[in-house]
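Structural description and commentary
Here is how the chains run, residue by residue.
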Amino acid sequence: MEGIMDKSSYRLLQLLSLAWLACRPTCSSIATYGTIIPQSPLVEIGKEFTATCVLYKAAKATAEDIFWMLKNVTVPKEQYTKINDSAVSVTITITNETANWLFCKKKGSPSSLNLIQVIHGIILTKGYPPEKPMNLSCMAVQSGRRISSNVTCTWQPGTRDERLKTTYTLFGNLIVSNKSSNAHRSSGYIDFGTFPSFMELAMWVEVENKLGKVRSDILDIYASDLVKTNPPSDVNIISENNFSRTILVSWKHPIHVTYVTLKYNIRFCTVGSGEWTEVPPNDTESYKESFRLQYLKPDTEYVVQVRCMHHMGNGYWSDWSANTTARTPEDKPTSKPDLWRVVIPSQVKSERRVQVMCKDPVESNGRIRGYSIKIQDGNWETVAVNDSDLDSRSQERKIIPLYQIPWSDKRRGLIELKAWNSVGESPQASLVIPKLTEEPPSVESLSWFTQEGRLWVKWQPPNVIATGEPYRSEVTEYVLECVSVSDGAMDWQREHRHTRTAAIKGNLQKFIRYNISVYPMYSGWTGKPLTIAAFLEQGAPLEGPSVKVRRRGKNYAELEWMEIPLDKQRGFITNYTIFFITGGKEHSIVVSTDTYSYTVKRMASNSKYVVRVMASTVQGSTNSSDLSFNTLMYTPGQIEVIVVSVCISFLFSVVLTVLCIYKMDSIKKKIWPPVPDPSNSTIAKWSPDFPSKADTPKESALGDVSIAEVDVFDRKSLCEEDKAGLPLKKDKYLSEEHSSGIGGSSCLSSPHQSVSDSDEGGDEGQTTASTVQYSSVVASCGYKGQTPCPLPQSGSSQMPSFARSESTQPLLDSEEHPEGPGSHQRYLRNPYFGRLPGRNDSHSGDLEDLNQMEMKKQGLASRQFCPLEEDFQQTTPTEECQSPDGQPGSDPSYMPQLSGYRPQC
């Protein structure tokens, strides 16, 4: 119904405005083109808004020429409504993005300068209507010794942006009067003058702006339900020596009972814990000023707080009173000390060292002053505790070392321990240290994991079979031992026999490695441990490995690195990665975590490499520093060979140089042998029947060596050559065809002249530049005028005669032995083939015998030679040279040799 009335009113207002505007041009002297209805409206975001543009006659336009714009954006024609020829309306939806300006414009005539003319414009003021306040609540607090007259209320305002000015008003309605006051957006108060105790109130809030007004739900409440008193005052705690587990708490009422009757609530906790324990409300409902707390721990400091409220439970609890602390009296320990041992390896064979230690009893009930310990059948001994270790009231139970004793592997013993304080002794704790061969079995398996910032371990119980062992076969509890690898700090905790998973207690640090061991306990007997390493949280290593080159060669390099210290690993190393760079290219090799050296092969020789090693964990990696090195140009063996070869060559050169200097004369003789001088040579008949020439050889020639050149295999006779014999010394021959030069084969020697080419016949004593043949003793007819002599008759004294040179030049000491038939052989002989005539030398016989033996070896013993004068020319054989059958030269090997010496190849 209200909606229909609103639309009718709006339509009536629109018609009246149009009528007024129609007569406005006649009533005003100001020329305008038109107007927009309504003017500067207040619009609600999220609702539709309608505006009408009315044209005046001065506009000289019709409704067809009108269009609307929101600032610079044209409104679509679909949103227009034509009222008549001079009025057009537009309907738009208001949003937060809608522009503030709305224009009515017309299209100008083509002759006008402005093609578009503004008729009118209005400003749109956007906003929200007020929202209803929620959750209204009121309170009256204590002021002095009575309740304040001000009632303070709070509520939850709307969540929308308040773009329009909004007012909040708090109302309070009593039976006798109504009160109101301006309030803030979420709170306010009303002053009633006097607190209306035992009366009923009605409270509400109204919110209003230009788009509307709204109010909250009405709060109907009794005034007593609005009261909040001060906390109890003068709270005090009394500790009684004879009651170690109770304390008495007392306080005073904060307000007189005529205003309000109160009830109380008490809570307490140990100092530093923060875990409060409240006394049941039924125990403190009465109007009282004291209460006794029971079932507390002896020698423990407690914090106590008290609060109060209306005894009917209406209204509000007061704030808690200030902390009040007190300590309960001591009592004797009611639990055993936590006895443990650590086995330390000993340097003595078959022996261990046992470190006995303990913690204070969980219920020590006071400061532990000392311990009484008994080992096996010994006496009880007292171990006093240092003053620094006396405070057993701290949350962290300290580890107290007691004894370190040697313990044989074959010894079984019982350790008993009691703790005592100022009141009495604790129950007795015992621990059996078995023989090494009697240790009970360990748990089956052990693993670890992290969850919610804590380190957990999980294990499987041991598989124990009932046997005749001295210990019980059932596990009574488990001991979890945790040792920090970084500083060696250790701790242990005990878990129930049925526990399989437990969190490690204590303040564990991130990135620190811990060795966790689980010991099954068999009624005081300690089983074998099972140990595992774990981290609360892992990270990348703090530093990389330290790398060095252990050995390098021509095509390889052996790298070695040290393991990162455990306190810097910050996690389990998963692998190592070796990076080596050469020539701008990087290569990598991944090796396992237990590898600390690696040989990189197939490297280029004499090349520079840059190497680094990266250590990786599950949370990251860290590189070592770069290491540069060069591979070798040669392998180590090659270097030694080169050095040894150079040294040997050098030593050989030195030795050879020294020998060359020392044997210079001998070497010169070997390389350039001395050439005999033929001018000093004479040919003489060496025969008993033919004495030597008057010109006898020089004395120095006796020691010279003669060379006999004998053709023993050439059977070709040369005696058929009937040539005139010439004196041996006067004829000249060229040995260019073949020469029997000194020291060489007659067939292989280089050609040279045998005798001086001088036609005048030089003097015998004159030395010529040519190499000459100076001696020739031939066992064939190849020699001039010589035929083989017949063998001597039996009993004949005739001896063969030989030709020799009387040259004083030394002969060569070597001879060639060419191989093959028909070749000439050269023999080294003594200067005399037989005894020297006219000389009685003691060695001449020996020399002759030696010559005869040598000739026998060479097949020359049966050959006979005819004597021939040096200057005698003979063309026919002599009688002595005739063969037994009377024919001269029957042996074809011995032919007359004319014209001197001829080549014999």
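Quick notes on the rules
Residue positions within a chain follow its written sequence, with the count starting from 1. Only residues with pLDDT of at least 70 get local features here, since the model is predicted, and only at 80 or more are side-chain atom pairs given and counted; chain-wide, interface and lining totals rely on the full set of residues. To get the side-chain values, all heavy atoms of the structure are used, and hydrogens and water are removed first. UniProt positions are given in the numbering used here, feature names are shortened, and annotations may be inferred rather than shown by experiment. Here a strand is any run of E in DSSP of at least two residues, a helix any run of H or I of at least four, and the numbering for each starts at the N terminus. Categorising residues by exposure relies on relative accessible area from a 1.4 Å probe, with only protein chains included: less than 20% of the type maximum marks a residue as buried, more than 50% marks it as exposed, and the intermediate range marks it as partly exposed. Here a residue-residue contact requires only that any non-hydrogen atoms of the pair lie within 4.5 Å. In this description, accessible areas are obtained by the Shrake-Rupley approach with a 1.4 Å probe, and a residue is regarded as covered only by the protein chains that are shown. Like charges within 9 Å and nonpolar side chains (Val, Leu, Ile, Met, Phe, Trp, Tyr) within 5 Å are joined into patches, using only residues over 30% in relative accessible area that form no salt bridge. Here, a salt bridge means any side-chain nitrogen of Lys or Arg that lies within 4 Å of a carboxyl oxygen of Asp or Glu. In these notes, a set of buried Ala, Val, Leu, Ile, Met, Phe, Trp, Tyr and Cys residues joined through side-chain atoms within 4.5 Å is what counts as a nonpolar core. For each domain, the first and last residues come from an automatic or database assignment. Strands qualify as paired when DSSP identifies two bridges or more between them. Axis angles are defined between N-to-C directions and span 0 to 180 degrees, where every axis is a line fitted to C-alpha atoms and, for a helix, only to the segment in contact. Here the aromatic set is Phe, Tyr and Trp, taking the six-membered ring for Trp, and pairing holds for ring centres within 6.5 Å; pairs whose planes are under 30 degrees apart are stacked, those over 60 apart are edge-to-face, and all others are tilted. By definition, being over a ring means that NZ of Lys or CZ of Arg is both within 6 Å of the ring centre and within 35 degrees of the ring normal. Cysteine sulfur atoms that pair up within 2.5 Å are treated as a disulfide.

In the nomenclature of an unreviewed UniProt entry, the protein corresponds to Fibronectin type-III domain-containing protein from the organism Hucho hucho. Per UniProt, the protein has the following entry under Sequence similarities (unreviewed entry): "Belongs to the type I cytokine receptor family. Type 2 subfamily." UniProt's Subcellular location (unreviewed entry) comment on the protein is quoted here verbatim: "Membrane".

1. Structural notes on the overall build of the protein
The helix and strand tally for the protein stands at 5 helices and 56 strands. Here the protein holds 905 residues, and 40% of them are scored as buried. Pairs at least 24 residues apart make up 67% of the contacts formed inside the protein by residues separated by at least 6 positions. Carbon and sulfur atoms form 51% of the exposed surface of the protein, whose accessible area is close to 50,600 Å².

2. Notes on a nonpolar patch on the surface
Together, Met-633, Tyr-634, Ile-639, Ile-642, Val-643 and Val-646 make up an exposed nonpolar region whose accessible area comes to about 530 Å². Tracing the backbone shows Val-646 in helix α3 (residues 636–662). When its relative accessible area of 52% is taken as the criterion, Val-646 is described as exposed.

3. Structural notes on the nonpolar core
The biggest cluster of nonpolar side chains holds 42 residues, and the ones touching the most others in it are Met-203 and Leu-293. Split by domain, this core shows at least three residues from each of two domains, domain 2 (134–226) and domain 3 (229–327). With residues near it in sequence (within four places) discarded, Leu-293 still touches Arg-245, Thr-246, Ile-247, Val-249, Ile-266, Phe-268, Val-279 and Val-304.

4. Considering the side chain of Thr-526
In this structure, Thr-526 sits in strand β41 (residues 525–526). Excluding its chain neighbours within four sequence positions, the residues that come into contact with Thr-526 are Trp-340, Arg-341, Leu-431, Val-432, Pro-434, Pro-440, Tyr-519, Pro-520 and Met-521.

5. A closer look at the sheet that holds strand β1 (residues 34–37)
Strand-to-strand pairing in sheets goes through backbone hydrogen bonds, with the strands running parallel or antiparallel. A sheet is described by the order of its strands in space; here 4 strands give the open sequence β1-β3-β7-β6, paired in antiparallel fashion. Two strands lie at the open edges of the sheet, namely β1 and β6 (80–84), each paired on one side alone. Sheet twist, expressed as the mean angle between neighbouring strand axes with direction ignored, is 20°. Judged from the 4 bridges that link them, β6 and strand β7 (residues 87–93) form a sheet pairing that is antiparallel. Note on β7: the bridge partner recorded for Thr-81 is Ser-89.

6. Here's the deal with the pairing of strand β28 (residues 338–345)
Bridge count for β28 against strand β29 (residues 351–359) is 8 bridges, and the pairing is antiparallel. Counterpart to Val-342 in the pairing with β29 is Gln-355. Between β28 and β29, which pair antiparallel and follow one another directly, the connecting turn spans 5 residues, one of which, Ser-350, has a positive phi of 60°.

7. Focus: the packing of aromatic side chains
By the definition in use, this model includes 14 aromatic pairs. Among the aromatic residues, those joined into a ring-pair cluster are Trp-340, Trp-492 and Tyr-519. Cation over ring: Arg-267 sits above Trp-276, and NZ or CZ is 4.3 Å from the ring centre. Note that Arg-307 overlies the ring of Trp-317, its terminal NZ or CZ placed 4.5 Å from the centroid.

8. Description of the environment of Trp-448
In this fold, Trp-448 is placed in strand β35 (residues 445–451). For Trp-448, a relative accessible area of 24% translates into the label partly exposed. Once the C-alpha coordinates of Trp-448 and Ile-532 are considered, the two residues, 84 residues apart in sequence, prove to be 8.1 Å apart.

9. What about the sheet that holds strand β21 (residues 233–239)?
The 3 strands are arranged β21-β22-β25 in an open sheet whose pairing can be described as antiparallel. Two strands lie at the open edges of the sheet, namely β21 and β25 (290–293), each paired on one side alone. When strand polarity is set aside, the average angle formed by the axes of neighbouring strands in this sheet is 20°. Relative to strand β22 (residues 247–252), β21 runs antiparallel, the two sharing 5 bridges. In the strand pairing of β22, Ile-237 is matched with Val-249.

10. Notes on the environment of Val-618
By the element assignment, Val-618 lies in the loop between β48 (608–617) and β49 (620–623). Residues Val-618 and Ile-573, 45 residues apart in the sequence, show an inter-C-alpha distance of 7.9 Å. The residues touching Val-618, leaving out its near neighbours within four places in the chain, are Gln-538, Phe-572 and Thr-574.

11. Observations concerning the state of the cysteines
Enumeration according to the criterion identifies 2 disulfides in this entry. Between the sulfur atoms of Cys-53 and its disulfide mate Cys-104 the distance is 1.9 Å. On the sign convention where negative means left-handed, the S-S torsion of about -80° between Cys-53 and Cys-104 marks this disulfide as left-handed. On the criterion of sequence distance, the pair formed by Cys-53 in strand β3 (residues 48–55) and Cys-104 in strand β8 (residues 101–107) is long-range, its members being 51 residues apart. The burial state of Cys-53 is the same as that of Cys-104; both residues are buried.

12. Quick word on the pattern of salt bridges
A full pass over the atoms with the stated rule returns 24 salt bridges. In this structure, Lys-82 engages Asp-85 in a salt bridge whose closest nitrogen and oxygen atoms are separated by 3.4 Å. The partner of Lys-510 in a salt bridge is Glu-537, with the nearest N and O atoms 3.5 Å apart. A residue pair is termed long-range when its members are at least 10 positions apart, and Lys-510 in the loop between β39 (501–503) and β40 (513–522) and Glu-537 in the loop between β42 (530–535) and β43 (546–552) qualify at 27 residues.

13. With respect to the side chain of Lys-418
Considering the arrangement of structural elements, one finds Lys-418 in strand β33 (residues 413–420). When sequence neighbours within four positions are dropped, the list of residues in contact with Lys-418 reads Pro-337, Gly-370, Tyr-371, Ser-372, Trp-380, Glu-425, Ser-426, Pro-427 and Gln-428.

14. Let's talk about the pairing of strand β30 (residues 370–375)
The side chains of a regular strand alternate, first on one face of the sheet and then on the other. Where β30 meets strand β31 (residues 381–384), 4 bridges bridge the pair, whose relative direction is antiparallel. By the bridge assignment, Ser-372 is partnered in β31 with Thr-382. Counting the residues that bridge the hairpin from β30 to β31 gives 5 residues, and of these Gln-376 lies at a positive phi of roughly 55°. As judged from the 6 bridges shared by β30 and β33, these two strands associate in the antiparallel manner. Paired with Ser-372 across the bridge in β33 is Lys-418.

15. Here's the deal with unusual backbone geometry
With an omega of 0°, the peptide bond running from Ile-37 to Pro-38 counts as cis. Within the secondary structure layout, Pro-38 lies in the loop between β1 and β2 (42–44). Residue Lys-71 is not a glycine yet carries a positive backbone phi of 60°. If you check the backbone angles, Asp-299 has positive phi at about 50° while not being a glycine. Relative to the elements of secondary structure, Asp-299 occurs in the loop between β25 and β26 (301–310). A relative accessible area of 7% places Asp-299 in the buried class.

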